[in-house]
Every structure is written in C-alpha cells, then in structure tokens.
Amino acid sequence: MASLRTVVSAAAVLLAVSGCGSAQNGLEPGRHVRSTQEPSFTTPIATPPTSSPVRTTSIAATCSGQPWAFGFSPVEAASGNRYLTIQVRNCGSGPAVVPRQPTITVRDSDGKTVPVQWDWRPAKNSRVVTAGQVVTLQLHWLSNGRCERGGAALDLLVGGRTAHLDDCLQLGGLTDVTGQPTVADATWAP
C-alpha cells in the first residue's frame, strides 16, 4: 500500500509540474494555456562601412568671384532609385550658356573612374542662363546598394569650372559583375 501511495503522489507531482492538473492552473480539465508572446527571431545586422560621407543637408550655390557656382541636394533615396539635384548659378554680369551635355565624371574612393553611361533627356528650357539665374540638373540612377561600392565622388564640368562632390552615391561599381556601365539619366530643369 505504501508503494501505491508513492506512485499516486509521483503522478500528482508530475501533473502539477506540467500544468495539466485543474487545481494547479485554475483551468477546467482539458483546457490548455496558449502563449500570447510571439517568438523573436531578430539577429543583429552589421552596418557596412562607408567610404564616403552621407550628407543630409544641401549645399547652396553661392557666388564667390567665379563665373559659376554649384549647389547640391543630398542624394535622395526612393525604392532603389537615387536622385541628386545640382544647382548651377550664373555668377557673371551677363548671360552665359550651359552646355546641353556637360561632362560628368564619377570616381570611386581610390580615385578610379567608375563607368557611367549618361542618358541626356531633352531640356525643358533654354541653355542660356541670365546673370544671377539658377538652373538645376536632375540626376537619377538605380542604387548599387552600398556606399563603399562604386561612386564616392562626382565632378561636373560647366563653362570651364568643375563642381566637385564627395558623397555616398551608391552609383555604379558593378561593371566587373555585369560587364556593362551603369546607366543614369540627367535632365535640365528651370
């Protein structure tokens, strides 16, 4: 009889520990407790190093004794697309001509040229810029996904003056993989 009590006591302890006994969990027999907490599957994500700065503010096109002044918006991101607006201000005393297709050169962090094929869109205004007037050049390309891959600097040549920008462009740098230069488009706007 003593061994039967031991077996019954052991079964009661087992039910209490497992939470299946009605007296222990306050539920009716046959009901189960369901967890409301979702499991967490988060893993830390390493941030890739950046070889160039990531600007969050604009640079104004301010005249300083040169015939042209240049300003740059931050590189704006939207669903894999990247947009950069360049302001070009005529700082001279009379009208001047902006070339239909100014020279744009993109370089990586080592100074090596990054192949970019620019698709020049038709202009919406005259290339003649009056004194003090600002025209903008809108650049667009698809992101390569990383700051340290591809373009880290951009040069724009207008009227014998070069505008230089160091930034996280996420432009190009996949020619070794695809065999083709990156395609980007440029549009003059008033």
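That block above? That's the structure.
Our subject in this report is the structure included herewith.

What counts and what doesn't
- Residues numbered from 1 in each chain as written.
- Predicted model: local features only at pLDDT ≥ 70, side-chain atom pairs only at ≥ 80, totals over all residues.
- Heavy atoms only, no water.
- Salt bridge = Lys/Arg side-chain N within 4 Å of Asp/Glu carboxyl O.
- Helix = DSSP H or I, 4+ residues; strand = E, 2+ residues; numbered from the N terminus.
- Buried < 20%, exposed > 50% of the residue type's maximum accessible area, 1.4 Å probe, protein only.
- Pairing = 2+ DSSP bridges.

## Thoughts on the pattern of salt bridges
The tally for this structure, following the rule as stated, stands at five salt bridges. Of the charged contacts in the structure, one is a salt bridge between Asp167 and Arg55, with a shortest N-O distance of 3.0 Å. In this pair, Asp167 is assigned in the loop between strand 10 (161-166) and helix 3 (175-178) and Arg55 in the loop between helix 2 (22-25) and strand 1 (68-72), connecting sequence segments 112 residues apart. Of the two residues, Asp167 and Arg55, both sit in the buried class.

## Structural notes on unusual backbone geometry
Of note, Ser79 is a non-glycine position whose phi angle comes to about 50 degrees, a positive value. For Ser79, the location among the structural elements is in the loop between strand 2 (76-78) and strand 3 (81-90). The class of Ser79 is exposed, set by a relative accessible area of 80%. Non-glycine residue Gln170 carries a positive phi angle of around 50 degrees. As for its position among the elements, Gln170 is in the loop between strand 10 and helix 3. Under the relative-accessibility criterion, Gln170 is labelled buried at 13%.

## Observations regarding the pairing of strand 5 (residues 103-107)
Going residue by residue along strand 5, you find Ile104 and Val106 tucked away on one face and Thr103, Thr105 and Arg107 left uncovered on the opposite face. Here strand 5 pairs with strand 9 (residues 153-158) via five bridges, running antiparallel. When the bridges of strand 9 are listed, Arg107 appears paired with Ala153.

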